[in-house]
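# A closer look at the structure
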Amino acid sequence: MKIKLVIAALLIATPAFAQSGTATGAAAGAVGGAVVGGPVGAAVGAGVGAVAGAISDAERPKFRTYVQERRVPSYRYSSDVVVGAELPASGVTYYEVPAEYGVSGYRYTVVNDRTVLVDPRSHRVIQVID
């Protein structure tokens, strides 16, 4: 029962974390850790996720401009665009994130006119760049 409460609390809080690279990594890591190892796993997962991170708060405006200049077409998604949403493997074009943004292992795309970072292995949104 406690594990379910921890997971529910983390899932509710996750959209609020979507605005910060480190917070996004922490939230994603915490949810994954909670599923595997309960409350202790959540704490460890949050630490690991925060290290992995995403695009930093300071780099977000520059990255938004970068994506806008490329006129990346927006994919229409029928659900909310939130951290943890799983995008389809086909029909969406995923683009490399330039090295200057310090993000490796993720791709970006535009969904419902919002730029998002995606884990290319799971197609899950790991950060919404607003």
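On a predicted model such as this, the values are computed, not experimentally measured, just so you know. (Residues numbered from 1 in each chain as written. Predicted model: local features only at pLDDT ≥ 70, side-chain atom pairs only at ≥ 80, totals over all residues. Heavy atoms only, no water.)

## Concerning the overall build of the protein
A tally of helices and strands in the protein yields 3 helices and 5 strands. In sequence order, the protein lays out its α and β elements as α-α-α-β-β-β-β-β. Taking all 130 residues of the protein together, the buried fraction comes to 41%. By sequence separation, contacts in the protein at least 24 residues apart represent 56% of the contacts at least 6 residues apart. Summed over all atoms, the accessible surface of the protein reaches about 7000 Å², with 59% contributed by carbon and sulfur. (Helix = DSSP H or I, 4+ residues; strand = E, 2+ residues; numbered from the N terminus. Buried < 20%, exposed > 50% of the residue type's maximum accessible area, 1.4 Å probe, protein only. Contact = heavy atoms within 4.5 Å. Areas by Shrake-Rupley, 256 points an atom, 1.4 Å probe, with all protein chains shown as cover.)

## Overview of helix H3 (residues 60-69)
Counting along an α-helix, one turn takes 3.6 residues, and residues three or four places apart therefore face a common direction. Along H3, the residues classified as buried are Arg-60, Phe-63, Tyr-66 and Val-67. Down the axis of H3, the buried side of the element spans an arc of 120 degrees, and every buried residue falls inside it. H3 presents Gln-68 and Glu-69 as exposed residues on the side facing more than 90 degrees away from its buried surface. Elements in contact with the buried residues of H3: strand E3 (107-111), strand E4 (114-119) and strand E5 (124-129). Immediately beyond the C-terminal end of H3, within one or two residues, lies Arg-71, with a positive phi of roughly 50 degrees. (Arc of directions from axis to C-beta.)

## Notes on the packing of aromatic side chains
A complete count under the given rule lists 6 aromatic pairs for this structure. Geometrically, the ring pair formed by Phe-63 and Tyr-108 is edge-to-face, given 5.3 Å between the ring centres and 85 degrees between the ring planes. Of this pair, Phe-63 sits in helix H3 while Tyr-108 sits in strand E3, placing them 45 residues apart in sequence. Per residue, the accessibility class of Phe-63 equals that of Tyr-108, and both read buried. Taken together, the ring pairs connect Phe-63, Tyr-66, Tyr-95, Tyr-101 and Tyr-108 into an aromatic cluster. (Phe/Tyr/Trp six-rings, centres within 6.5 Å; stacked < 30°, edge-to-face > 60°.)

## Points about the environment of Ser-74
In this fold, Ser-74 is placed in strand E1 (residues 74-75). When the C-alpha atoms of Ser-74 and Asn-112 are compared, they prove to be 5.8 Å apart, with 38 residues separating the residues in sequence. Not counting the four nearest positions on each side in its chain, Ser-74 is found in contact with Val-110, Val-111, Asn-112 and Asp-113. For Ser-74, the side chain forms a polar contact with the main-chain nitrogen of Asn-112, separated by 3.1 Å. Engagement of the side chain of Ser-74 in a polar contact is seen with the backbone nitrogen of Asp-113, the distance being 2.7 Å. (Polar contact = N/O pair within 3.5 Å; in protein donor to acceptor, adjacent residues only side chain to side chain.)

## A closer look at the nonpolar core
Of all hydrophobic cores here, the largest spans 15 residues; its most connected members are Ile-55, Phe-63, Val-67, Val-97, Tyr-108 and Leu-117. Counting residues per element, the ones that place at least two in this core are H3, E3 and E5. For this core, the leading source of residues is H3, giving 3 residues. Among the nonpolar cores identified, the runner-up in size contains 9 residues, and Ala-85, Leu-87, Val-111 and Val-118 belong to it. (Core = buried A, V, L, I, M, F, W, Y, C linked by side-chain atoms within 4.5 Å.)

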